[in-house]
Amino acid sequence: MRTRTTALTLLVTGSLLAASGCAKEDDETPSAATKPRAVTSVPGCGKGSWTDPADLSPDREPARCAPNTPAPRPLPEKRRLTIATGTLSAEYVAPLHMAVDKGEFEKEGLDVQLKVLPTPDALPLLAKGDVDAQWAAPEAAVMNGITSGFDIKWTAGNFSPDPRSKSGLWVKLRENETAARVPMAGRKLGTMIGKGSVISYPMNKALKKHGGGLDEIQFQQLGSADVLTALQNGGTDSAWLLDPVWRKVDGDERYAFLGGQPQAEPLGGLLFGPNLLRKDPDAGVALLRAYIRTVNTYFAGDYKADKAFARDLAKLLKTDEKVLLSTPSLHMDWEIRAGTTDRLQDAYRAAGVAEGDKVPENKAVDRKLYEEAVGHKP
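These figures come from a predicted structure and were not determined experimentally.

1. A short note on the packing of helix 3 (residues 94–101) against helix 11 (residues 307–317)
Part 1 of the reasoning: It is at 10 Å that the axes of helix 3 and helix 11 come closest, and there the two elements cross at 95°. It follows from the interaxial angle that helix 3 and helix 11 lie roughly perpendicular. Side by side, helix 3 and helix 11 meet where Ala 94, His 97, Met 98 and Asp 101 of the first sit next to Phe 309, Leu 313, Leu 316 and Leu 317 of the second.
Part 2 of the reasoning: Its residues placed into classes, the contact of helix 3 with helix 11 shows 6 nonpolar, 1 polar and 1 charged.

2. Quick look at the sheet that holds strand 11 (residues 269–272)
Strand pairing in a sheet is mediated by backbone hydrogen bonds. Such pairs are either parallel or antiparallel.
Part 1 of the reasoning: Read from one edge to the other, the open sheet built from 5 strands follows the order 2-1-3-11-4, with strand pairing classed as mixed. Edge positions in the sheet fall to strand 2 (110–116) and strand 4 (153–157), since each of these pairs with one other strand and no more. Taking each pair of neighbouring strands and ignoring which way they run, the sheet shows an average axis angle of 30°.
Part 2 of the reasoning: Together, strand 1 (79–85), strand 2 and strand 3 (133–136) form the strand contacts of helix 3, whose direction differs from that of strand 2 by roughly 140°.
Part 3 of the reasoning: Strand contacts of helix 5 (residues 119–128): strand 1, strand 3 and strand 11, with the helix running at about 155° to strand 3, the strand carrying the most contacts.

3. Focus: the environment of Leu 189
Part 1 of the reasoning: Inspection of the secondary structure puts Leu 189 in strand 7 (residues 188–191).
Part 2 of the reasoning: Leu 189 gets classed as buried once you look at its relative accessible area, which sits at 0%.
Part 3 of the reasoning: In this structure the C-alpha to C-alpha distance between Leu 189 and Pro 161, which are 28 residues apart in sequence, comes to 22 Å.
Part 4 of the reasoning: Setting aside chain neighbours within four positions, we find Leu 189 in contact with Leu 169, Met 203, Leu 207, Ile 217, Gln 218, Phe 219, Gln 220, Thr 236, Ser 238 and Trp 240.

4. Re the sheet that holds strand 8 (residues 218–221)
Part 1 of the reasoning: Taking strand neighbours across the sheet as the criterion, the 5 strands line up as 8-7-9-6-10 in an open arrangement whose pairing is mixed. Two strands close off the open sheet at either side, each with one partner strand: strand 8 and strand 10 (255–260). Adjacent strand axes in the sheet meet at a mean angle of 25°, parallel and antiparallel pairs treated alike.
Part 2 of the reasoning: Helix 7 (residues 200–208) contacts strand 6 (168–172), strand 7, strand 8, strand 9 (238–241) and strand 10 of the sheet and is inclined by roughly 125° relative to strand 10.

5. Observations regarding the environment of Arg 367
Part 1 of the reasoning: Looking at the secondary structure, you find Arg 367 in the loop between helix 14 (361–364) and helix 15 (368–374).
Part 2 of the reasoning: Judged by its relative accessible area of 14%, Arg 367 is buried.
Part 3 of the reasoning: Setting aside residues up to four positions removed in sequence, Arg 367 forms contacts with Pro 53, Ile 336, Arg 337, Ala 338 and Glu 361.

6. Details of the pairing of strand 4
Part 1 of the reasoning: In terms of burial, strand 4 is largely enclosed, as 5 of its 5 residues are buried.
Part 2 of the reasoning: Here strand 4 pairs with strand 11 via 4 bridges, running antiparallel. If you follow Trp 154 over to strand 11, its bridge partner there is Leu 271.

7. Details of unusual backbone geometry
Part 1 of the reasoning: Thr 69 connects to Pro 70 through a cis peptide bond whose omega is 0°.
Part 2 of the reasoning: Structurally, the position occupied by Pro 70 is in the loop between helix 2 (20–27) and strand 1.
Part 3 of the reasoning: At the junction of Asp 243 and Pro 244, the peptide bond is cis and its omega measures out at -10° in the coordinates.
Part 4 of the reasoning: Locating Pro 244 in the fold gives a position in the loop between strand 9 and strand 10.
Part 5 of the reasoning: Positioned with a positive phi, Asn 68 is a non-glycine residue whose angle comes to about 65°.
Part 6 of the reasoning: Counting through the fold element by element, Asn 68 comes out in the loop between helix 2 and strand 1.
Part 7 of the reasoning: The exposure class assigned to Asn 68 is partly exposed, which follows from its relative accessible area of 47%.
Part 8 of the reasoning: A positive phi angle, close to 65°, is found at Ala 264, a residue other than glycine.
Part 9 of the reasoning: Locating Ala 264 in the fold gives a position in the loop between strand 10 and strand 11.
Part 10 of the reasoning: Residue Ala 264 is classed as buried on the basis of its relative accessible area of 7%.

8. Let's talk about the packing of aromatic side chains
Part 1 of the reasoning: With the rule as written, the count across this model stands at 7 aromatic pairs.
Part 2 of the reasoning: Between Tyr 298 and Phe 309, the aromatic rings sit 6.3 Å apart at their centres with planes inclined by 5°, giving stacked as the arrangement. Of this pair, Tyr 298 sits in helix 10 (residues 281–298) while Phe 309 is found in helix 11, placing the two residues 11 residues apart along the sequence.
Part 3 of the reasoning: Among the residues examined, Tyr 298 registers a relative accessible area of 22% and is labelled partly exposed.
Part 4 of the reasoning: Between Tyr 303 and Phe 309, the aromatic rings sit 6.4 Å apart at their centres with planes inclined by 80°, giving edge-to-face as the arrangement.
Part 5 of the reasoning: In this structure Tyr 303 comes out as buried when scored by relative accessible area, which is 4%.

9. Brief notes about the packing of helix 3 against helix 10
Each pair of packed helices can be summarised by the angle the axes make with each other and by the distance between the axes.
Part 1 of the reasoning: Look at helix 3 against helix 10: their axes get within 9 Å of each other, and the N-to-C directions meet at 95°. Classed by the angle they form, the pair helix 3 and helix 10 counts as roughly perpendicular. Touching Pro 95, Met 98 and Ala 99 of helix 3 are Tyr 291, Thr 294, Val 295 and Tyr 298, all from helix 10.
Part 2 of the reasoning: For the contact of helix 3 with helix 10, a count of residues per class yields 6 nonpolar, 1 polar and no charged.

Cut-offs and rules
- Residues numbered from 1 in each chain as written.
- Predicted model: local features only at pLDDT ≥ 70, side-chain atom pairs only at ≥ 80, totals over all residues.
- Heavy atoms only, no water.
- Axes fitted to C-alpha atoms, helices over the stretch in contact; angles between N-to-C directions.
- Helix = DSSP H or I, 4+ residues; strand = E, 2+ residues; numbered from the N terminus.
- Parallel < 35°, antiparallel > 145°, perpendicular 65-115°, else oblique.
- Contact = heavy atoms within 4.5 Å.
- Nonpolar A, V, L, I, M, F, W, Y, C, P; charged D, E, K, R; others polar.
- Pairing = 2+ DSSP bridges.
- Buried < 20%, exposed > 50% of the residue type's maximum accessible area, 1.4 Å probe, protein only.
- Phe/Tyr/Trp six-rings, centres within 6.5 Å; stacked < 30°, edge-to-face > 60°.

This is the structure we're talking about:
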């Protein structure tokens with residue numbers, strides 16, 4: 001499995017290198033991003049619209065503006081943007097769906113197209129400028145691409161889990177084992193997500209609490225429909241179960257939840273390429289402004305408590321309403337915590353899928369555009 005995952009990472013990196021001609025030509029061209037950008041206060045976005053990136057408290061309240069803010073500031077000319085995403089049915093994609101459905105992007109003078117593309121396919125297109133943004137995460141392939149010299153940065157977060165969520169690492173207990181003590185070294189772990197995923201970070205953290213680690217377990221990459229079945233029938237010892245699959249074993253004393261994504265720390269969101277980072281940062285800020293406004297208006301709190309809204313959301317996501325309501329609301333969060341990309345890269349290195357030296361945070365993360373959208377002056 002390690003060979004398979006490493007091969008995929010190398011394939012993505014190779015594709016990025018093949019795109020280098022276009023990207024490096026653009027590097028020599030002066031861009032609007034090199035000029036200082038004026039940041040002004042934004043009505044409706046006060047003190048609570050920004051939190052210190054260094055605050056890693058699990059109970060940190062996510063940044064929020066008033067509903068319907070920041071107000072639209074339409075671009076002088078309409079701009080068509082393509083956002084690549086690996087799926088359109090997952091709940092964490094809901095703000096993009098809603099922004100399109102409610103016309104929030106349109107209010108900014110943006111014609112946004114959501115295009116389903118797997119991360120390995122989308123990354124080279126993002127680096128070349130064939131797509132403008134990607135709704136994904138700083139996975140190993142992304143960090144390896146940045147190492148290769150590409151102008152791709154993580155520019156906004158997406159969500160963190162509710163404390164009640166048990167999406168994460170589950171293990172089938174053996175005789176005399178309890179959730180407090182489960183030796184994990186040498187066990188098999190079934191997951192539909194490879195070692196190069198951001199989930200490697202919380203997975204490694206949970207494993208180390210129980211005498212294991214990414215380098216001490218046997219990975220089994222399974223299809224989404226097979227992970228739970230393998231855990232239940234003994235085909236694997238443990239599994240990373242996503243929403244709402246974990247509900248199938250929750251409360252069953254034969255299984256134990258060992259940990260999930262850290263609270264109050266988003267691990268994905270929007271990635272920008274050269275188009276929005278350098279060529280047209282005004283459009284990048286406009287896109288983020290619409291996204292942030294959508295979160296403030298529709299996803300500011302427990303959005304599933306509004307049953308009418310949950311019904312509409314289920315239709316947008318093309319999912320069953322009962323399934324959507326079976327798990328807690330996500331904590332939508334556009335901010336990026338300090339050090340997240342460092343912690344992710346430590347996990348990739350432990351998993352054997354990192355290439356080259358660690359990428360400094362300032363080469364992988366750009367908070368300036370979302371800070372401008374809410375009027376925060378560093």
